[in-house]
Amino acid sequence: MSAFITFEGPDGSGKSTICNLVYDELLKNNIRTIKTREPGGTRISEKIREIILDKDLKEMDMRTEALLYSASRAQHTYEKIIPALEDGTTVLCERYVLSSLAYQGHARGQKLEDIRAINDFATGGKKPDIVFIFRTNNSTLARKDQACYDRLECEGDDFHKKVRDYYNNLEKEENYYFIDVNQTIEEVFGDCMKILKERKILWNL
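What you are looking at is a predicted structure, and each value in this text was computed from that prediction instead of being measured.

## Here we look at the sheet that holds strand β5 (residues 176-180)
Line of reasoning, step 1. Read across the open sheet, the 5 strands follow the order β2-β3-β1-β4-β5; overall the sheet is parallel. Where the open sheet ends on each side, the last strands, each with one partner, are β2 (33-37) and β5. Strand-to-strand twist of the sheet, defined as the mean angle between neighbouring strand axes without regard to direction, takes the value 20 degrees.
Line of reasoning, step 2. Pairing of strand β1 (residues 4-8) with strand β4 (residues 130-135), which is carried by 4 bridges, proceeds in the parallel orientation. Across the sheet, Glu8 pairs through a bridge with Ile133, a residue of β4.
Line of reasoning, step 3. Strands β1, β2 and β3 (90-94) of the sheet are contacted by helix α3 (residues 62-86), whose axis makes an angle of about 160 degrees with β2.
Line of reasoning, step 4. Strand contacts of helix α6 (residues 157-168): β1, β4 and β5, with the helix running at about 130 degrees to β4, the strand carrying the most contacts.

## A word on the pattern of salt bridges
Line of reasoning, step 1. Within this structure, the stated rule accounts for 11 salt bridges.
Line of reasoning, step 2. With its nearest N and O atoms 3.5 Å apart, the salt bridge here joins Asp11 to Arg95. One end of the pair, Asp11, is in the loop between β1 and α1 (15-28); the other, Arg95, is in the loop between β3 and α4 (97-107), and 84 residues separate them in sequence.
Line of reasoning, step 3. On the accessibility criterion, Arg95 (11% relative accessible area) is buried.
Line of reasoning, step 4. One salt bridge in this structure joins Lys162 and Asp158, with 3.4 Å as the shortest N-O distance. One end of the pair, Lys162, and the other, Asp158, are both in helix α6, 4 residues apart, so they sit about a helical turn from each other.
Line of reasoning, step 5. The class for Lys162 is partly exposed, based on a relative accessible area of 32%.
Line of reasoning, step 6. Ionic contacts of the salt-bridge type, sharing partners, join the residues Glu65, Arg108, Arg151 and Glu155 into one network.

## Side note on the packing of aromatic side chains
Line of reasoning, step 1. In the structure shown here, the tally under the stated rule is 6 aromatic pairs.
Line of reasoning, step 2. A centroid spacing of 5.4 Å and a plane angle of 40 degrees characterise the contact between Phe7 and Phe132, whose relative ring orientation is tilted. Here Phe7, found in strand β1, pairs with Phe132, found in strand β4; they are 125 residues apart in sequence, far enough to count as distant.
Line of reasoning, step 3. By relative accessible area, Phe7 is classed as buried at 0%.
Line of reasoning, step 4. Take Phe132: its relative accessible area is 0%, and that puts it in the buried class.
Line of reasoning, step 5. When the ring of Tyr166 is compared with that of Tyr167, the centres are 6.0 Å apart and the planes differ by 75 degrees; the resulting orientation is edge-to-face. The two residues Tyr166 and Tyr167 agree in class, both being buried.
Line of reasoning, step 6. A connected cluster of aromatic rings, assembled from ring pairs, spans Phe7, Phe132 and Phe134.

Rules and cut-offs
- Residues numbered from 1 in each chain as written.
- Predicted model: local features only at pLDDT ≥ 70, side-chain atom pairs only at ≥ 80, totals over all residues.
- Heavy atoms only, no water.
- Pairing = 2+ DSSP bridges.
- Helix = DSSP H or I, 4+ residues; strand = E, 2+ residues; numbered from the N terminus.
- Axes fitted to C-alpha atoms, helices over the stretch in contact; angles between N-to-C directions.
- Contact = heavy atoms within 4.5 Å.
- Salt bridge = Lys/Arg side-chain N within 4 Å of Asp/Glu carboxyl O.
- Buried < 20%, exposed > 50% of the residue type's maximum accessible area, 1.4 Å probe, protein only.
- Phe/Tyr/Trp six-rings, centres within 6.5 Å; stacked < 30°, edge-to-face > 60°.

Structure representation (structure tokens):
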């Protein structure tokens, strides 16, 4: 049985690290799994990613940014995510629609209903089975080398605080699982694996 699992949270909150650990654990248990990311994940989506995150493109309008994210997501969803799930493969994805709501919606001050609308169109309403939402009140960008910051990571502290606030104030939904990333990597990984076992989406665990 396949599952669509996404990892959401502020920049530097450990999404890639935990996604990689979960991926390795599922493979060890002989569960067919792929891992991917947004923006990106396909040839076209990766080219759009380069434009979105290019530090030299400081003049990019916030509407353009939002539409580029949804365009990348559309290609990713229909070329990679849905075919994998239909083939019985579990998909682990770093970021999905919630990221657009947090960054292009809340942090940019755009209407959330507009961001939802373009992403509903882009994905055909495809939703993850499990969303791990990494929460912290602390800045997590300090974990990254500032010389390697992309265009969004270069935004000011106020922007990134708004992103954290969005994730921290989300109301519980059936497929949302809130993870405290102030813990050790081992504890965060353990919390995620416990949820996967409890949900019984991954029967082998």
